[in-house]
Every structure is written in C-alpha cells, then in structure tokens.
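# Summary of the model geometry
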Amino acid sequence: MPFESPLPALAVAGDFWSLRFVEETSESYAVRKNVPQPLEVSTDRGVMATVYADGGIGYAATSDTSPAGLQEALDAALAWARATARLALVDPRSLARPGARGGYRSPSLDAPRPSRRDIYEMLGAESRAAAIDPRIVDWEAHVDIRTATHRLVTSADGDVVQRYRFLYAGASATAHANGDTQRRTLAGDRAICQQGGSEILEHAGFVGCGRRVADEALELVLAPNCPSGTMDVLLAPDQMILQIHESIGHPLELDRILGDERNFAGTSFVTPDMFGTYRYGSERLDVTFDPTVPGELASYGWDDDGTRAERVHVIERGILKRPLGGAISQARAGLPGVANSRAASWNRPPIDRMANLNIEPGDASFEAMVAAIERGVYMQTNRSWSIDDSRNKFQFGCERARLVDHGQLGAVVKNPNYRGVSASFWRSLAMVGDASTRRVLGTPFCGKGEPSQVIRVGHASPACMFRGVDVFGGEDA
C-alpha cells in the first residue's frame, strides 16, 4: 500500500478527485469455558476513488493499488459522476476542495504489544476465575487488537496519513437457577474499546473481572425483579452510552434528518428548523462532538472527506445547536455541521456518522445524586434496546440495578427496564455527575447505510439522574 511513497501520474478529466487508501489488521482472542478459542487474524486493504465532474459525484473501489488499478478506479468513478449528475442533490462544484496535509497517530501506537501467549494466559486466568459455581453455565473473556492506516490524497494537493491502534475487551458470565438465566458483563458487549495499548486493560480493571462478573451473575439470578412504576432513575455511564447513541446521536445525523435513511434505518423526529432554538434537554445537558479526545475510540485528525476535526457543541445548556452532518449534507441543508463524513472501510463511501459524542461532566458526586433520590433505581450496563424509526419512543433494559430509598442504595434487583420519548426524556435530566463519575467507552459496532457500514463510535459520559421515569421489571416486560 502506498502510505508513504508519491503516487504515480494519474489523469482525471474531472473537477476534483481523491484516493482514500485503507489497510486494517485485526486479531481476535477469546477463552470460553476455559477453552482457548482459535485465533482469528485478518487483513483488509484497498482504495476508494472519488471524482467530482460535470455536477456529479462518483465513487469506485478496488483492491488493486497498482498504477493501472488506481487509474481504472478513477476512470470508473468519473463515469459514475457523469452518469448521475442529473440526479445529484448538490452540485459538487460548490463544495470546498480539501487540500489538508498532515498526520494523526493513536496513543501508544508504537508501544510494545504483549505476545499472543501472554494474551491467552491473561484471558485463561479470567476464565478460570469465573468458574466459581455449578450455576455459572457459560463464561468467556476476550480481547480484540486492531491496527489501521488511512491515507487520503486529493487533487488539491491534499495528503493526510492517519495511523490507528485499537483495543476492545470484555468478559461475561451467565448464571442459571430456578428456571431463570442472567448474564453479567464487563460494561457491556465490547464497550471497553479505545485507541491505545495495554493501558486500556489497566484503566478498565480487566484483571480480576472474571470473578467479579461471575459473582454478580449469581447475585442477579437470585435477586427479585425490579419494581414497576414512575420513579427517579440514576443511569451509570455504561448505560448512558446507549442512551446517548440512540436518542441523541442517530436523531442528529443530518442525512437521516434529510430523509436518506428512511427506507432502511428510518428518519428522525428532529427537523432542520429546530437548530438554534429547540430545547432538547434540561439546562444541565451539554453534548459535544469531539474527535480530538486522546484515546477515545473514534478520534481522528481529519474525516474521510478531508475536513479537519474539531470539538463542537451540538447541544449546549439543553438547546440544540447543530446537526451531525459532513460537508455534503451541510451544503444540502444550508446548516453548519461537523467533520463526520466517515466510511467503514475502503469499499464504502463516507456518510454522516457519529464519532466521539460525549456528555460533558456536571458538578454532582455519585453520592449526592443517590442522596437526592427519594424513591428510585440505579441501573447499570445496557443489555437490550428498542427504539422507533424516528428515534423518538424508546425502551431500554439493563443488566443490573439497585433500589434507592430515601437517599440510600439498597437491594440488587434484576431485569430493570425503562421507557421514554427522546423529545421529552432529556428534559427530565436533573443532575449530571462530575468528572469522578465519568467513563470513556464506546461501541465498535454502529450499523448504518446501504450497503451496510459498521463503524467505531466513542461515547464518554458521567452518571446522570433523571426524574419521573417510567420503570418496569421483567414480569411486566
């Protein structure tokens, strides 16, 4: 892959062109029920050609990165641009010609990596530690390591090289007793996911997690169901990331607002006229789009269209400020946006995607939020989600909860669920945790687009407390 060398001479009879080279290598390790699973290793590489010509935009991808292969891809993209120009939603001649030059590097990019033996031994130790009781019927520990290099070269003399190192980790234990089955995980399914090296495992408390999730799975299978009713809810960061993702992130994607996803993933209850005036949440709600956070999963220097990444408030003191839309969607809507044109790989064009979407910390300690609840429940770790096609009405379930009574944490309960409406739920936000309650998490598996694109998204959030939420237990699901 030509990540460092100059490109060959290429001829394109268009207004603008770019080549986006991508190479990604993944290694997946797992130990399930004390049995090491086969190591999975893969490398994927190729290039996406983009051409603006005669008022159209064309794309063509290839795994042939020879000079002839690059020229053939550009020629195909040029043909598509001309063929689709009469149907274009925006004239690309009005768009900026990205010419950025520079680079980006993940933290710990060149730090030593543990050997494959060391990784399997670590996972094996956590697996053995989880096998504490015959009622634990399934258990697993896993780590994924990925490295990627992206290079974007443009006809406007742009040349950006971005090098990434990712680590995802998780553990789970499933308990069965008295006809009931409960599963407990380490912060959810691969929510421990950041850029960097082995320090991510240390920060997440991975060592010792096998016994911890097994103990809590046994605790849950013997616990009573969560009660039902209207009450206050305190959400841990590993549930807040799902709440942010589904009821802020997706509704604010500008291509959804413009209707591009309506025949696949749906639309949005948000409309273009809401930006600048609409009260999305209480005054305590501050949400930033921030691909500049060191180590967060979706950090980068430039998006896949070549727009420089920067930190932007999308919701400030509860007021909706701007959508999550890249350069093309901004031109279509006449609205400011963010640097979020992102593609899942070399064989997909960039579309509007979340990157790092974070709730800014408030000033409340965890203890103060618990003390402020007369009757409520503290919920941890997402396990299920359902939301309508306009990303408005939702129903979410968590793995574990504790009752809160007169400002005191009480008994553990299982099958906690809550429901609400995005358009009003965030206005019930009463307290936002301080930095001591904040966690940096995310998901490697955000799906969207036709053809499908599964992409990495980061979320950082403190614990948050909401008033008057509709809560229900497993018996009422």
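The structure we're discussing is the one just above.
Now for a description of the structure that goes with this document. (Residues numbered from 1 in each chain as written. Predicted model: local features only at pLDDT ≥ 70, side-chain atom pairs only at ≥ 80, totals over all residues. Heavy atoms only, no water.)

### Digging into the environment of Glu246
Selection criterion: Numbering goes from the N terminus for both helices and strands, where a helix is a DSSP run of H or I of at least four residues and a strand is a run of E of at least two. We call a residue buried when its accessible area falls under 20% of the maximum for its residue type, exposed when it is over 50%, and partly exposed in between, using a 1.4 Å probe and counting protein chains only. Residue contacts are defined here by distance: any two heavy atoms, one from each residue, within 4.5 Å place the two residues in contact.
With respect to the element layout, Glu246 can be found in helix α5 (residues 237-252). Residue Glu246 is classed as buried on the basis of its relative accessible area of 6%. For the pair Glu246 and Leu78, spaced 168 residues apart in sequence, the C-alpha separation works out to 37 Å. Once you skip the residues sitting within four places of it in the chain, Glu246 turns out to touch Pro251, Trp385, Ile387, Arg391 and Phe396.

### Some thoughts on the side chain of Ser172
Tracing the backbone through its elements, the reader meets Ser172 in strand β7 (residues 159-177). Ser172 has contacts with Asp138, Trp139, Glu140, Arg183, Arg184, Thr185 and Val213, leaving out every residue within four places of it along the chain.

### Thoughts on the sheet that holds strand β13 (residues 319-320)
Basically, it comes down to this: Strand pairing is assigned whenever DSSP identifies at least 2 bridges connecting the two strands. For helices, the fitted line uses only the C-alpha atoms of the stretch in contact; every axis is such a line through C-alpha atoms, and the angle between N-to-C directions lies from 0 to 180 degrees.
Strands sit in the order β13-β12-β11-β16 across an open sheet of four strands; the sheet is antiparallel. At either margin of the open sheet sits one strand with a lone partner, and together these are β13 and β16 (357-359). Relative to strand β12 (residues 312-316), strand β11 (residues 287-289) runs antiparallel, the two sharing three bridges. If you follow Phe289 over to β12, its bridge partner there is Val312. The sheet strands contacting α5 are β11, β12, β13 and β16, and the helix crosses β16 at an angle near 120°.

### Considering empty space enclosed by the protein
Heads up, the rule is: Buriedness of a pocket was judged along seven lines, with at least five required to meet protein on both sides within 12 Å; pockets are open sets of points on a 1 Å grid over the protein atoms alone, cavities are sets where a 1.4 Å probe fits but cannot get out, and lining residues have an atom within 4 Å of a point. Grid points are joined across faces, edges and corners, and a volume is the space filled by probe spheres set on the points. Here the nonpolar group is Ala, Val, Leu, Ile, Met, Phe, Trp, Tyr, Cys and Pro; Asp, Glu, Lys and Arg are the charged ones; every other residue, Gly included, is treated as polar.
By the definition in use, this model includes five cavities of 30 Å³ or more. Approximately 100 Å³ is the volume attributed to the largest cavity. Lining the largest cavity, in full, are Phe16, Ser18, Arg20, Met48, Thr50, Tyr52, Pro98, Leu152, Thr154, Asp304, Asp305 and Pro350. At the level of secondary structure, the elements contributing two or more residues to the lining of the largest cavity comprise β1 (16-32), β3 (40-53) and β6 (136-154). Looking at the lining of the largest cavity, its residues break down into six nonpolar, three polar and three charged. Lining the second largest cavity are Arg20, His150, Arg151, Leu152, Val160, Gln162, Trp302, Asp303 and Asp304. Broken down by element, the lining of the second largest cavity gets its largest block of residues, three residues, from β6. Classifying every residue of the lining of the second largest cavity by side-chain character gives three nonpolar, two polar and four charged.

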